[in-house]
Amino acid sequence: MRDVLYDLAERVANGETVGVGTVVATFSSAPRPAGAAMLVTQDGEAVGSVSGGCVEGAVYELAQETEGPVLQRYGVSDDDAFAVGLTCGGIIDIYVEKINAETFPQLGEVVETVRAEEPVAVATVVEHPDGIGRRMVVWPDRRDGSLGSSRIDDAVADDARGMLASGRSGVLQYGPDGQRRGEGMSVFVNSFEPPPRMLVFGAIDFAAAMARLGAFLGYRVTVCDARPVFATRSRFPEADEVVVAWPHRYLQAEASKLDERTVIAVLTHDPKFDVPLLEVALRLKVGYVGAMGSRRTHEDRLQRLREAGLTEGELEALASPIGLDLGARTPEETAVSIAAEIISLRWKGSGRRLVDLGEPIHH
């Protein structure tokens, strides 16, 4: 939904009613995650994607034809895949609704929150014996709208905040009146958390390539170096911010703003920068800490970090030498190897060639 949110808001602000199809659940090897969305405008334009092309045609027609909200499942088995337009396998549950200023009055405020890079979740009833479509917007400290009763609202708001904190979107199951140990009501929580942070330390050519790739992957990228002659906006145009500061001091100042999605790439391979920086980084609860350097540099760095008081458990979190073994030579290839390691660790991939594996592609 984030990909089409601004377009949707602009059209609704102009008085348009827009058909919206949103992936709320996937099974097997469905190509798009929960939260992916496609708009079908009044003039017949399709914006966005729910399956990479597999069921777009069917969703397009449903969004044009339906007046009320509907939850539709596409894809049942490999034998039936072509019959329902699902040419690439998997099963997708898609919720289709019409959105305008009346059906989603909080849309403008949601967009403002997302633009400000603050967290917000949209909870929508997608299955219920008495009808679907009720919506509630949940912020960390308040909520707006109702899903039918205070009991339901309290339960969903609490659970939605938990999902928002971890950056997850998905379906929650309740009893018809919000009973936690019940069934009959499904609520889709679409989390709009701020983009994850990528902190790149060392204003070198490898950092420029890493900033480009990090931005492409959806990270908010910061490049930091203590040397003002190298840490300039002109050298790192793809970075969201370029900071001139001692790396460890900057990281200490930012520590409270980081989370388990944050990735840290230390590309300086200079002990006077690396060791104080890694002392801080390896004690933070972040998703990834990698450091560039040869194996000899790595062993020297480990010894310095041990002398600085880091435990073996803390040192185990360090990805060094950084990246996967792709045979990379250029800064761009090295950035791809680092990104591949980050992705592999995030989704628990093996890092091996898919052609050599006999197991499912998606974990």
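Residues numbered from 1 in each chain as written. Predicted model: local features only at pLDDT ≥ 70, side-chain atom pairs only at ≥ 80, totals over all residues. Heavy atoms only, no water.

Draft legend 1. Layout of the UniProt feature "domain: XdhC- CoxI" (unreviewed entry) in the chain. UniProt feature "domain: XdhC- CoxI" (unreviewed entry): in the numbering of this structure it lies at residues 13–75 and 115–175. The distance separating the terminal C-alpha atoms of residues 115–175 is 35 Å; by composition the span is 30% helix and 33% strand. (UniProt positions renumbered as here; feature names shortened; annotations may be inferred. Helix = DSSP H or I, 4+ residues; strand = E, 2+ residues; numbered from the N terminus.)

Draft legend 2. Representation of the sheet that holds strand β2 (residues 37–40) in the model. Read across the open sheet, the five strands follow the order β3-β2-β1-β5-β4; overall the sheet is antiparallel. Each edge of the open sheet is held by one strand with a lone partner, namely β3 (46–48) and β4 (70–74). The sheet shows a mean angle of 25° between the axes of neighbouring strands, taken without regard to direction. Sheet topology note: the strand β1 (residues 18–27)/strand β5 (residues 91–99) ladder contains nine bridges and is antiparallel. By the bridge assignment for β5, Gly19 is matched with Lys98. Sheet strands in contact with helix α1 (residues 2–13) are β1, β2, β3 and β5, and its direction is about 30° off that of β2. (Pairing = 2+ DSSP bridges. Axes fitted to C-alpha atoms, helices over the stretch in contact; angles between N-to-C directions. Contact = heavy atoms within 4.5 Å.)

Draft legend 3. Broad picture of helix α4 (residues 150–166). Here α4 spans 25 Å end to end across 17 residues, near enough to the 24 Å set by a 1.5 Å rise per residue. Burial in α4 covers these residues: Ile152, Asp153, Ala155, Val156, Ala157, Ala160, Met163 and Leu164. Buried positions along α4 lie against β6 (120–127), β7 (135–138), β8 (143–145), β9 (170–174) and β10 (185–192). Two residues or fewer after α4 comes Gly167, characterised by a positive phi angle close to 75°. (Expected span 1.5 Å × (residues − 1). Buried < 20%, exposed > 50% of the residue type's maximum accessible area, 1.4 Å probe, protein only.)

Draft legend 4. A look at the pairing of β6. Along β6, seven of the eight residues are buried, which leaves the element largely enclosed by surrounding structure. Where β6 and β10 come together, seven bridges link them in antiparallel fashion. Bridge pairing in β10 places Glu127 opposite Ser186. In the sheet, β6 pairs with β7 via four bridges, with the strands oriented antiparallel. The residue bridging Ala121 from the neighbouring strand is Val138, located in β7.

Draft legend 5. View of unusual backbone geometry. Across the junction of Ser320 and Pro321, the peptide omega takes the value -5°, indicating a cis bond. Inspection of the secondary structure puts Pro321 in the loop between β16 (318–319) and α10 (331–347). One non-glycine residue with positive phi stands out, namely Glu117, at about 55°. Along the polypeptide, Glu117 turns up in the loop between α3 (107–115) and β6. The exposure class of Glu117 is partly exposed, given its relative accessible area of 37%. With a phi close to 60°, Lys348 is a non-glycine residue in the positive phi region. Checked against the element boundaries, Lys348 lands in the segment after α10.

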